[in-house]
Amino acid sequence: MAATSEGETIDRPLLTPGMLQRRNYQLELAEEACRTHTLVCLPTGLGKTAVSLLVTARRLHEAGGTSLLLAPTKPLVQQHADFYREALTVPDDEIVVFTGEVRPDDRAELWESARVVVATPQVVENDLVGNRISLEGVTHLTFDECHRATGDYAYNYIAERYHADCGERRSPGNRNAPRSGDAADPLVTGMSASPGGDEEEILTVCENLGLREVAVMTEDDSDVSEYTHKTEVEWERVELPEEVIEIRDALNEVISDRLEKLKGLGVTNSTSPDMSQRDLNKIRAELQRMINADQSEGYQGMSAHAEIMKLRRAVELVETQSVESTRRYFERQRNAARSSGASKAAQRFVSDPRVQEAMRRAESYDDLHPKFRRARILLAQTLGIEGGQRVIVFTESRDTAETLTEFFGGHFETRKFVGQGDKEGSDGMTQKQQQETLDAFRAGEFEVLVSTSVAEEGLDVPEVDLVLFYEPVPKGIRAIQRKGRTGRQTEGKVHVLLAEDTRDEAYFWISRREEKRMEEELRSLKGMAGEVNAELGQAGLDAFESAAPEETGGDEDGTPANAEADGGATDEEPAAAPHDGQSGLDSFAAPPDEPDDGDEETTGAESEAGGEEPEGTVETARGDGDTVEIVADQRELDATIARDLSTREGIETRLETLAVGDYVLSDRVVVERKSVADFLDTLTGGDRSMFEQVKDAARHYSRPVVVIEGDRLYEERNVHPNAIRGAISALAVDFGASVLRTTDQKDTADLLEVIARREQEESKRSVNVHGEKAAKTLTEQQEYVVSAIADIGPVTARALLEEFRTVEAVMTAREEDLLEVKGVGQVTAERIREVVGSEYE
């Protein structure tokens, strides 16, 4: 994207002179994107960000306001910010980065003075739900890698809020008036090299983001072809050694055995360990139907199904990754089986003699997967014989990335590039480490970058001589993105390794078919752009513009794909319709003579907090007379409830890290929300945290509420109904909590709105209280310390303390004495002695 001495450059307002090389296809795409909400499709490496920059510069010059650019990863956000600071004449301090590493209060302050904000979508979503920022002053919103705008991804919510907020900005009496310089209309640009696998997926992305037009350039266009080079793709089968095949066959034998049991239940006719994932999903659905019909065999079958999934993961690792990855996986499974509340599937998995034999074979195998040697040969050929300078190796597994980095490091300058945080026991990289690694790679400080999927999407990785797929990926979009790391300035080379007669081959062909289909779809989309754009004009933004203000608060963007309890229904009418001919909960105002017993509670909480900084906030919702405020805990953002509430008229959401409760609706009402599964986990896993949470809630609020969300409370697990009734009774009788049921997240949001309106509009309750979570008693602290040993849990901890009387005695007890305690078996006793008696390394 940077200019060269031979090329003509672009000279426009707000652009750094001589910075951008003049490319006609980029100017053409930018011109189209300036006219309306546009999806820009351009092959990887050809400057999608330059197109967005041209649109942003023009909008800032002509309309003022703020430009917001969203990208899915922190490294990509930082890369975009660096490019914008270099390419725009806007002062650097007015181009700001919003990621989770910037404090929320700082983000709110920076937003007011920024002209360009580059952010991850999750952070912007949180700030919108928490009412820290408004999108009304945004004159250009860019969604990078916009193919992610499906399902429940944050892009969808942000787009909904942007169109809705901007559509209301000129409404009479709008309490959030736009700043001077706002444009009359918003503008959205979506960018992707691979917007979807077919026309339907592309249209879904456009509808979710409110895009009206599609602007496509392919490598067949004359203006584009001069900037692209042929990428040669080679794929190579690798034969597995006999030792690896023996490990795989031992595991497959167990899979066939478990499928035989499922066959006996009538949910499958096949016992082949190579059964497709689709067929396994069908089996799971059949088992769920059996459970719903109160057939106890369904629970047994579901446990066997869970074990099959663990076995298949082990098979995939040993076949396609490495024996070392398999060893690490086995170790994690052993630790999980020893922990408190371990599932029967996990325990059977590690105790089966055939699995144990596979574990022993893996431990004794002293060689690497044959892909390792072949990969090293390819690197030596590229970097040595052919005189190449850089190679990227992609792998799906973080364990494999670490092993490859160590393996290649003996021959080449090699570094890994993986995501943040921990995953399956492997260390991640901080954002700073990621940035330093990419900078060093660009500077030529090392030759080989071993990366997981984090480097696939859009990162400005320098031109490389070889992209090596350690394994194929079963998704055409990802394959295209990986290949886009080469073939930009010169002819590129891509090499794909496939383990023979394994899932690798199936994934390869799936990906290859999808890639071809996507290329055809893009060409087809370009050819019939007028027809598609006409369809978008009818089905896209109209959905945002036609809604009356009170209709914009529905849960329209769906529910999480993995949240089975969520109904995903949309709001057909406002959640709290003022006059629908029926009496709702909000119709019943508090009796006028009801004592205000919340004041004494809040006063006590205030005095207990003292002058110290609390661990969290014991919060009170406070309305401003025109709106009802609901305070949500930050950790509740995994659900759609706070997000749904934030779109409803007259509701203002605020995010806090709450020490007590999940939602605060007034000075006396706090809500603990539990899904049916979470509630039942409390009863079956020995975890008493729910009761401790409700006890804390009752200490600070006079009206604690427990919401149990989901269907089939008495059928979900094999738990006796009286145990469930006993738990509900304890919450109500022992802690004074009201226990309410909801069907899904939308139903919960509706309930919270009704209660909050009743409290703040009818009862006029408004007090702001800060406090801290109640300290644990000495007994609770002792139980906590002992329960932390080897994850044995609070039930066993209490039994141990009742037997040995002190924490010290538990720690020094002999194994044979531990076995005398009820609930302590051989595995638990060994684990306690191992944790307490082993040297720290």
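The structure reproduced in this document is the subject of the present report.

## Looking at the overall build of the chain
- A tally of regular secondary structure across the chain gives 32 helices and 19 strands.
- Within the span of the chain, comprising 841 residues, buried residues form 52% of the whole.
- Partitioning the intrachain contacts of the chain with sequence separation of at least 6 by distance along the chain shows that 74% fall at a separation of at least 24.
- Counting every atom, the chain has about 37400 Å² of accessible surface; 44% of that belongs to carbon and sulfur.

## Things to note about the sheet that holds strand 16 (residues 663-664)
- Read across the sheet, six strands follow the order 15-14-16-17-18-19 without closing on themselves; strand pairing throughout is mixed. Looking at the sheet topology across the chains shown, the edges are occupied by strand 15 (651-656) and strand 19 (738-742).
- Helix 25 (residues 689-700) contacts strand 17 (669-675) and strand 18 (703-709) of the sheet and is inclined by roughly 170° relative to strand 17.

## Describing unusual backbone geometry
- Unlike most non-glycine residues, Glu145 shows phi in positive territory, near 50°.
- One non-glycine residue with positive phi stands out, namely Arg712, at about 60°.
- With respect to the helices and strands, the residue Arg712 is situated in the loop between strand 18 and helix 26 (721-734).

## Focus on the pattern of salt bridges
- Within this structure, the stated rule accounts for 56 salt bridges.
- Residue Arg332 is joined to Asp399 by a salt bridge in which the shortest nitrogen-to-oxygen separation is 3.1 Å. With Arg332 in helix 12 (residues 323-338) and Asp399 in helix 16 (residues 398-409), this pair connects stretches of sequence that are 67 residues apart.
- Relative accessible area serves as the criterion here: at 4%, Asp399 is assigned to the buried category.
- Between Arg668 and Glu759 there is a salt bridge, with its nearest N and O atoms 2.9 Å apart. Of this pair, Arg668 sits in the loop between strand 16 and strand 17 while Glu759 sits in helix 27 (residues 745-762); the two residues are 91 residues apart in sequence, bridging distant segments of the chain.

## A few points about the packing of helix 13 (residues 344-351) against helix 14 (residues 353-364)
- Two elements in contact, helix 13 and helix 14, have axes whose closest approach is 5 Å; the angle formed by their N-to-C orientations is 60°. Here helix 13 lies oblique to helix 14, going by the angle between them. Residue-level contacts link Phe349, Val350 and Ser351 of helix 13 to Pro353, Val355, Gln356 and Met359 of helix 14.

## Some thoughts on the packing of aromatic side chains
- Summed over all chains, the structure comprises 12 aromatic pairs.
- Seen from their ring centres, Tyr153 and Tyr155 are 4.9 Å apart, and the 80° between their planes marks the pair as edge-to-face. In terms of burial, Tyr153 and Tyr155 fall into one category: buried.
- Between Phe372 and Phe407 the ring centres are 5.4 Å apart and the planes differ by 75°, which places this aromatic pair in the edge-to-face class. Taken together, the residues Phe372 in helix 15 (residues 370-385) and Phe407 in helix 16 connect sequence positions 35 residues apart.
- The class of Phe372 is buried, set by a relative accessible area of 0%.
- Of note, Lys371 hangs over the ring of Tyr470, and the distance from its end group to the ring centre comes to 4.9 Å.

## Focus on the packing of helix 12 against helix 13
- Contact pair helix 12 / helix 13: the axes reach a minimum separation of 9 Å and the direction vectors enclose 125°. Between helix 12 and helix 13, the crossing angle belongs to the class labelled oblique. Remark: the crossing between helix 12 and helix 13 carries left-handed chirality. Residue-level inspection shows Tyr329, Phe330, Gln333, Arg334 and Ala337 of helix 12 in contact with helix 13, the latter providing Ala346, Gln347, Phe349 and Val350.

## Regarding the environment of Gln434
- For Gln434, the position within the fold is in helix 17 (residues 431-442).
- Here the alpha-carbon distance between Gln434 and Gly419, two residues 15 residues apart in the chain, equals 8.2 Å.
- Within the structure, Gln434 has its side chain in polar contact with the backbone oxygen of Val418 (distance 2.9 Å).

## Brief notes about the sheet that holds strand 6 (residues 188-192)
- Spatially, the seven strands line up as an open sheet ordered 3-4-2-5-6-1-7, and their pairing is parallel. Across the chains shown, the open sheet's two edge strands, defined by having one partner strand only, are strand 3 (95-98) and strand 7 (213-216). Put simply, the sheet's adjacent strands are angled 20° from each other on average, direction ignored.
- Here helix 4 (residues 104-113) sits on the sheet in contact with strand 2 (66-70), strand 3, strand 4 (116-119) and strand 5 (138-144), set at roughly 155° to strand 3.

## Topic: the nonpolar core
- Formed by 57 residues in total, the largest nonpolar core has its most connected members in Leu68, Leu70, Phe143, Ile158, Leu209 and Leu665.
- Here this core takes six residues from helix 6 (residues 154-167), the largest share from any one element.
- Ignoring anything within four residues of it in the chain, the contact list for Ile158 reads Leu70, Pro121, Val124, Glu125, Leu128, Leu135, Leu141 and Phe143.
- Listed in part, the 38 residues of the second largest apolar core include Met19, Ala30, Val40 and Val116.

## Side note on empty space enclosed by the protein
- Counted under the stated rule, the structure contains two cavities of 30 Å³ or more.
- In this model, the second largest cavity occupies a volume close to 30 Å³.
- Along the walls of the second largest cavity sit Arg12, Leu27, Ala30, Glu31, Cys34, Leu54, Val55 and Arg58, which together make up its complete lining.
- Secondary structure elements with two or more residues in the lining of the second largest cavity: helix 1 (24-35) and helix 2 (48-63).
- Among the elements that make up the lining of the second largest cavity, the one with the highest residue count is helix 1 (four residues).
- When its residues are assigned to classes, the lining of the second largest cavity shows five nonpolar, no polar and three charged.

## Focus: the environment of Asp257
- Within the secondary structure, Asp257 sits in helix 9 (residues 242-264).
- For the pair Asp257 and Thr271, spaced 14 residues apart in the sequence, the C-alpha separation amounts to 7.6 Å.
- A distance of 2.4 Å separates a polar atom in the side chain of Asp257 from a polar atom in the side chain of Arg258.

The rules we used
- Residues numbered from 1 in each chain as written.
- Predicted model: local features only at pLDDT ≥ 70, side-chain atom pairs only at ≥ 80, totals over all residues.
- Heavy atoms only, no water.
- Helix = DSSP H or I, 4+ residues; strand = E, 2+ residues; numbered from the N terminus.
- Buried < 20%, exposed > 50% of the residue type's maximum accessible area, 1.4 Å probe, protein only.
- Contact = heavy atoms within 4.5 Å.
- Areas by Shrake-Rupley, 256 points an atom, 1.4 Å probe, with all protein chains shown as cover.
- Pairing = 2+ DSSP bridges.
- Axes fitted to C-alpha atoms, helices over the stretch in contact; angles between N-to-C directions.
- Salt bridge = Lys/Arg side-chain N within 4 Å of Asp/Glu carboxyl O.
- Parallel < 35°, antiparallel > 145°, perpendicular 65-115°, else oblique.
- Phe/Tyr/Trp six-rings, centres within 6.5 Å; stacked < 30°, edge-to-face > 60°.
- Lys NZ or Arg CZ within 6 Å of the ring centre and 35° of its normal.
- Left-handed = near helix turned anticlockwise from the far one by under 90°.
- Polar contact = N/O pair within 3.5 Å; in protein donor to acceptor, adjacent residues only side chain to side chain.
- Core = buried A, V, L, I, M, F, W, Y, C linked by side-chain atoms within 4.5 Å.
- 1 Å grid on protein atoms, 1.4 Å probe; cavity = no way out; pocket = protein on both sides within 12 Å on 5 of 7 lines; lining within 4 Å.
- Points joined across faces, edges and corners; volume = space filled by probe spheres on them.
- Nonpolar A, V, L, I, M, F, W, Y, C, P; charged D, E, K, R; others polar.

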